[in-house]
Amino acid sequence: MKNLASFFLALVLGAASFGARAQGVMTFEKEAHDFGNVAEGTMATHEFKFKNTGNQPIIIANVQASCGCTTPDWTKTPVLPGKSGIIKAMYSSAGRPGIFNKTVTVTSNASTPSAVLSIKGNVLNKEEVKATLTPAQLAQSPRLVLDRTSHDFGKMEAGQQPVAKFTVRNTGKQDLQLGALTSSCNCVGYKATPAPIKAGQSATVELIYAQRQVGTVSDIVTIGSNDLHGDAKLTLKANVVRDLNAASMVKESGVAVPFK
């Protein structure tokens, strides 16, 4: 009887020991990245790659950047043992010249539930970058060309967020990286983060317009990029009304009827 009790005790302790060891382990290739010099206006992006060297799936619950200028992304599906995933850190350099040093905190069910990754670099304005290049090197740089420089949404309702599509062509010799959008209204954003555009290729860029000011509006938008020749500018126009349904009614014999 005593031997049987000892057997069951050993079985329970062994199961508990196995349970303690059964956990995912997030092993990064590296936990810090130095971008070096970054041209102002670009979105400095780095993917931190990791492998699950444990024996249970890893689920990333959240990734939090140390500031709003850094946008994280990550593998959303469970990372099985032996498989790999990524944590992407994107730093917006537009309007932020100088040295930067930021962190990204990863929260997961791995053996180390919180991991801190870091990125750093030095943002140079375009004049500083151009001063470091020879004429031949400048000629090899990317070049941003828009298919048009304005878009008129026509009549729109305040609170709506219509999308304008532009075609961006890179006529330069290196990858074109689009950066942050700036406007006086702070009401324009990318529908999705644009990917780098290869030399000689084009891409469709979708801009969301969230203008709430009622009346005829016209907003100049600056598109930051690593085009050393200058930033691209475009104009978004609209006639913003409070209520499209009310605006589409006319008086006919003293009765409001839909506009025909």
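Residues numbered from 1 in each chain as written. Predicted model: local features only at pLDDT ≥ 70, side-chain atom pairs only at ≥ 80, totals over all residues. Heavy atoms only, no water.

In the nomenclature of an unreviewed UniProt entry, the protein is known as DUF1573 domain-containing protein of Hymenobacter cellulosivorans.

The next thing to look at is unusual backbone geometry. One non-glycine residue, Asn186, adopts positive backbone phi at about 50°. Position of Asn186 relative to the elements: it lies in the loop between strand S12 (178-183) and strand S13 (188-190). Using a relative accessible area of 71% as the deciding quantity, one classes Asn186 as exposed. (Helix = DSSP H or I, 4+ residues; strand = E, 2+ residues; numbered from the N terminus. Buried < 20%, exposed > 50% of the residue type's maximum accessible area, 1.4 Å probe, protein only.)

When we look at a pair of aromatic rings, we describe it by the centre distance and by the angle of the planes. Evaluation of the coordinates by the stated rule reveals four aromatic pairs. Geometrically, the ring pair formed by Phe35 and Phe100 is tilted, given 6.2 Å between the ring centres and 40° between the ring planes. One end of the pair, Phe35, is in strand S2 (residues 32-39); the other, Phe100, is in strand S7 (residues 98-108), with 65 residues separating them in the sequence. Both residues of the pair, Phe35 and Phe100, count as buried. (Phe/Tyr/Trp six-rings, centres within 6.5 Å; stacked < 30°, edge-to-face > 60°.)

This brings us to the state of the cysteines. Under the defined criterion, the tally for this structure stands at two disulfides. Each sulfur of the disulfide joining Cys67 and Cys69 lies 2.1 Å from the other. Across the disulfide from Cys67 to Cys69, rotation about the S-S bond amounts to roughly -75°, and the bridge is consequently left-handed. A relative accessible area of 8% places Cys69 in the buried class. (Disulfide = S-S within 2.5 Å.)

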